[in-house]
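Overview (structure and organization)
What follows is each chain in one-letter form.
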Amino acid sequence: MLSPCDSGAQDGYRLLAQDLEYLALAQLRWDACFGDALAAAGDAAAQATAAERAGRYRRALKLRLIHALAEHRAGRPATALLEPLLQTACREGFVRLVLDEAPWITPLLAAYLAAMQGGEGDPIYAEYLRQLQASAHIALDADPAQDMPAPPAEPLTRKELHVLQLLAEGYSNSAIAEKMVVADTTVRTHLRHINAKLGAGSRTQAVALARRLRLIP
């Protein structure tokens, strides 16, 4: 018997929650934001096509959104990918489906909105874009890249995330070493890796960047 967490079992469900939130989708989102973005882009596009063939259009739309996000993180042009999916989301009245991917989608969405300024011919679509802009707190006169730091090219390990959390709670290096039952030199090594991955110049900046990226509370 398949468990509820099995992706095959979930594909048979028709409940709204299972259509948009299931284990395989969560893993795909993680890969798009922190893992192999190029591979995630290909997987998302393929899964979106399969969802469309199965008549699961809400799921397909979500997967297309993650596809665009992954392409953007991989450094590929992706604003054009937003046009058809946002047009569809507008027609269906889907706002939360897009905004639930914030903050990761925010830089790409900001770039698209900036390119569309003054160019929306359809007043209904223009109002939909303004609603997205207001809800995502996007200031179009600012550089979208400044709104949200880029996710790390290499994901942080569980131990590195643990070190970050303890740093955020105010623990010193020696206290972190004691709590994690490791040597001080190991903690310093973790800190060097964390700073390199986040592009931080200090432990304080690393914590600030990690919070903005929602890696830690």
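Residues numbered from 1 in each chain as written. Predicted model: local features only at pLDDT ≥ 70, side-chain atom pairs only at ≥ 80, totals over all residues. Heavy atoms only, no water.

The N-to-C vectors of helix α8 (residues 106-116) and helix α9 (residues 123-135) enclose an angle of 140°; their axes lie 11 Å apart at closest approach. With respect to their mutual orientation, α8 and α9 come out oblique. Remark: the crossing between α8 and α9 carries left-handed chirality. From α8, Leu 109, Tyr 112, Leu 113 and Met 116 reach across to α9, where they touch Tyr 125, Leu 129, Leu 132 and Gln 133. Class assignment of the residues belonging to the contact of α8 with α9 gives a composition of seven nonpolar, one polar and no charged. (Axes fitted to C-alpha atoms, helices over the stretch in contact; angles between N-to-C directions. Helix = DSSP H or I, 4+ residues; strand = E, 2+ residues; numbered from the N terminus. Parallel < 35°, antiparallel > 145°, perpendicular 65-115°, else oblique. Left-handed = near helix turned anticlockwise from the far one by under 90°. Contact = heavy atoms within 4.5 Å. Nonpolar A, V, L, I, M, F, W, Y, C, P; charged D, E, K, R; others polar.)

The subject of this paragraph is the packing of aromatic side chains. The tally for this structure, following the rule as stated, stands at three aromatic pairs. When the ring of Tyr 125 is compared with that of Tyr 128, the centres are 6.5 Å apart and the planes differ by 20°; the resulting orientation is stacked. Of the two residues, Tyr 125 and Tyr 128 both sit in helix α9, three residues apart, roughly one turn of that helix. Across the pair, exposure class does not vary: Tyr 125 and Tyr 128 are buried alike. Through pairs of rings, three or more aromatic residues link up here, namely Trp 30, Phe 34 and Trp 104. Directly above the ring of Phe 94 sits Arg 58, whose terminal nitrogen or CZ lies 5.0 Å from the centroid. Looking at Arg 59, its charged tip hangs above the ring of Tyr 22, at a distance of 4.0 Å from the centre. (Phe/Tyr/Trp six-rings, centres within 6.5 Å; stacked < 30°, edge-to-face > 60°. Buried < 20%, exposed > 50% of the residue type's maximum accessible area, 1.4 Å probe, protein only. Lys NZ or Arg CZ within 6 Å of the ring centre and 35° of its normal.)

Glancing now at the pattern of salt bridges. Tallied over the entire structure, the rule returns eight salt bridges. The shortest N-O distance in the salt bridge between Glu 101 and Lys 62 comes to 2.7 Å. Of this pair, Glu 101 sits in the loop between α7 (96-99) and α8 while Lys 62 sits in helix α5 (residues 57-73), placing them 39 residues apart in sequence. A relative accessible area of 1% places Glu 101 in the buried class. Lys 62 sits in the buried class, given a relative accessible area of 2%. Close ionic contact of Glu 127 with Arg 130 constitutes a salt bridge, the shortest N to O distance being 3.4 Å. Taken together, the positions of Glu 127 and Arg 130, both in helix α9 and three residues apart, correspond to about one turn of that helix. For Glu 127, a relative accessible area of 43% corresponds to the partly exposed category. Of the residues examined, Arg 130 reaches a relative accessible area of 44% and is grouped as partly exposed. (Salt bridge = Lys/Arg side-chain N within 4 Å of Asp/Glu carboxyl O.)

For the rest of this paragraph, the subject is the nonpolar core. Buried together is how nonpolar side chains tend to be arranged in soluble globular proteins. Ranked by size, the top nonpolar core spans 65 residues in total, and within it Leu 82, Leu 86, Tyr 128, Leu 129, Leu 132, Leu 164 and Leu 198 carry the most contacts. Of the residues forming this core, the biggest block, eight residues, is contributed by α5. With residues up to four places along the chain from it excluded, the contact list for Leu 198 reads Pro 152, Leu 156, Leu 164, Ala 206, Leu 209, Ala 210, Leu 213 and Leu 215. (Core = buried A, V, L, I, M, F, W, Y, C linked by side-chain atoms within 4.5 Å.)

Moving on: helix α12 (residues 173-180). Among the residues of α12, those classed as buried are Ile 176, Ala 177 and Met 180. Projected down its long axis, α12 shows its buried positions confined to an angular sector of 100°, all on one face. Buried-residue contacts for α12 involve α11 (158-168) and α13 (184-198). The positive-phi residue at the C-terminal boundary of α12 is Val 181, with phi of around 60°. (Arc of directions from axis to C-beta.)

What follows is about helix α6 (residues 79-92). Residues separated by three or four positions in an α-helix point in the same direction, a consequence of the helix having 3.6 residues per turn. Taking 1.5 Å per residue as the helical rise, α6 with its 14 residues ought to reach 20 Å, and the 20 Å between its terminal C-alpha atoms agrees with that figure. Of the residues making up α6, those classed as buried are Leu 82, Leu 85, Leu 86, Ala 89 and Cys 90. Its buried side turned inward, α6 meets α5, α7, α8 and α9. (Expected span 1.5 Å × (residues − 1).)

Okay, the side chain of Glu 160 next. Here Glu 160 is to be found in helix α11. Taking the relative accessible area as the measure of exposure, Glu 160 reaches 3% and is therefore buried. Here Glu 160 is in contact with Pro 155, His 190, His 193, Ile 194 and Lys 197, once residues within four sequence places are set aside.

Read these as layout, nothing more, since geometry by itself doesn't imply function.
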